[in-house]
Amino acid sequence: AGVPLVGVRIVDGSGLSRSDRLTAQALGALLVAVWNDIDLRAPFWASLPIAGINGTLDKRMLEPPAKGTVRAKTGTTSRASALSGYVGDRYVFAVLQNGFPVSASAARKAQDRFATALASAG
């Protein structure tokens, strides 16, 4: 699918192993590959939480332009926080924050600001 694997390490399928490694570049490329696959796009899109509306994003990005426009997957452990997905049909994004400890609230705030900036751009 053209996903760059430099820096990627998958130890288990859960993504929770401390040995797992993923790059924003690889995740972004994977999201583009899914978008470009006619068989995957619709079901994957439908599975993603919508900002300010449902799932893990129901209490995040509660105001336009992000509300209802950002569809993304969250990921949080004590050592990492991530938000990746789509802003409408225009942008793919991946924000990965690593370190110990990661402040979940500060990470989410930064992620939401990033996605909202993209939504503001049109």
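Residues numbered from 1 in each chain as written. Predicted model: local features only at pLDDT ≥ 70, side-chain atom pairs only at ≥ 80, totals over all residues. Heavy atoms only, no water.

A look at the pairing of strand β1 (residues 70–76)
Short version of the rule: Here, strands pair whenever DSSP counts at least two bridges between them. A run of DSSP states H or I qualifies as a helix once it reaches four residues; a run of E qualifies as a strand once it reaches two. Both are numbered from the N-terminal end.
Of the pairings in the sheet, the one linking β1 to strand β2 (residues 80–87) comprises seven bridges and is antiparallel in character. In the strand pairing of β2, A72 is matched with G85. Between β1 and β2, which pair antiparallel one after the other, the connecting turn spans three residues.

Describing unusual backbone geometry
Residue P64 is joined to P65 through a cis peptide bond whose omega torsion reads 10 degrees. Here P65 is to be found in the loop between α2 (41–47) and β1. A positive phi angle is found at M61, which is not glycine, with a value near 50 degrees.

Topic: the packing of aromatic side chains
Note the following rule: Centre distance within 6.5 Å is the pairing criterion for rings of Phe, Tyr and Trp, where only the six-membered ring of Trp is used; planes under 30 degrees apart are then read as stacked, over 60 as edge-to-face, and the remainder as tilted. In this scheme, the term charge over a ring applies when either NZ of a lysine or CZ of an arginine sits within 6 Å of the ring centre and within 35 degrees of the ring normal.
The tally for this structure, following the rule as stated, stands at five aromatic pairs. Taking 5.3 Å as the distance between ring centres and 40 degrees as the angle between the ring planes, the aromatic pair formed by W35 and Y86 counts as tilted. Residue W35 is located in helix α1 (residues 24–36), and its partner Y86 is located in strand β2; the two are separated by 51 residues in the primary sequence. Aromatic rings pair up to connect W35, F44, W45 and Y86 into one cluster. Its end group placed over the ring of W35, R41 keeps NZ or CZ at 4.2 Å from the ring centre.

Things to note about the nonpolar core
To keep it simple, the criterion reads: For the purposes of this section, nonpolar cores are sets of buried Ala, Val, Leu, Ile, Met, Phe, Trp, Tyr and Cys residues that join through side-chain atoms within 4.5 Å. The classification of residues rests on relative accessible area computed with a 1.4 Å probe and restricted to protein chains. Under 20% of the type maximum is buried, over 50% is exposed, and intermediate values are partly exposed.
Counting residues in each nonpolar core, the largest one holds 13 residues, and the members touching the most others are M61, V70, A72, L83, V87, F93 and A115. Per element, the largest residue contribution to this core is three residues, and it comes from helix α3 (residues 104–120). Counting five residues, the second-largest nonpolar core is a separate cluster that includes L31, V34, W35 and Y86.

Considerations on a positive patch on the surface
As a reminder of what qualifies: Patch membership needs two things, relative accessible area over 30% and no salt bridge, and members are linked within 9 Å if like-charged or within 5 Å if nonpolar (Val, Leu, Ile, Met, Phe, Trp, Tyr). Accessible surface area values rest on a Shrake-Rupley calculation with a 1.4 Å probe, where residue burial reflects the displayed protein chains alone. Here, a salt bridge means any Lys or Arg side-chain nitrogen found within 4 Å of an Asp or Glu carboxyl oxygen. In this charge count, Lys and Arg are treated as positive and Asp and Glu as negative; neither His nor the chain ends contribute. Positions of charges follow a simple convention, taking NZ of Lys, CZ of Arg, CG of Asp or CD of Glu.
Residues R9, R18, R21 and R79 make up a contiguous surface patch of positive charge. Secondary-structure assignment places R18 in the segment before α1. Looking at R18, the relative accessible area reads 59%, which means it is exposed.

Some words on α1
As a reminder, the rule being used: An expected span of 1.5 Å times one less than the residue number is assigned to each helix. By definition, residues are in contact when any of their heavy atoms lie within 4.5 Å.
Counted at 1.5 Å a residue, the expected span for α1 with its 13 residues is 18 Å, and the 18 Å between its end C-alpha atoms agrees. All buried positions along α1 are accounted for by A26, L27, G28, L31, V34 and W35. Buried residues in α1 make contact with α2, β2 and β3 (91–98).

Observations regarding the pairing of β3
Sheet topology places β2 next to β3; eight bridges connect them, and they run antiparallel. Paired with S81 across the two strands is Q97, which belongs to β3. Between β2 and β3, which pair antiparallel in sequence order, lie three residues; one of them, G88, sits at a positive phi of approximately 55 degrees.

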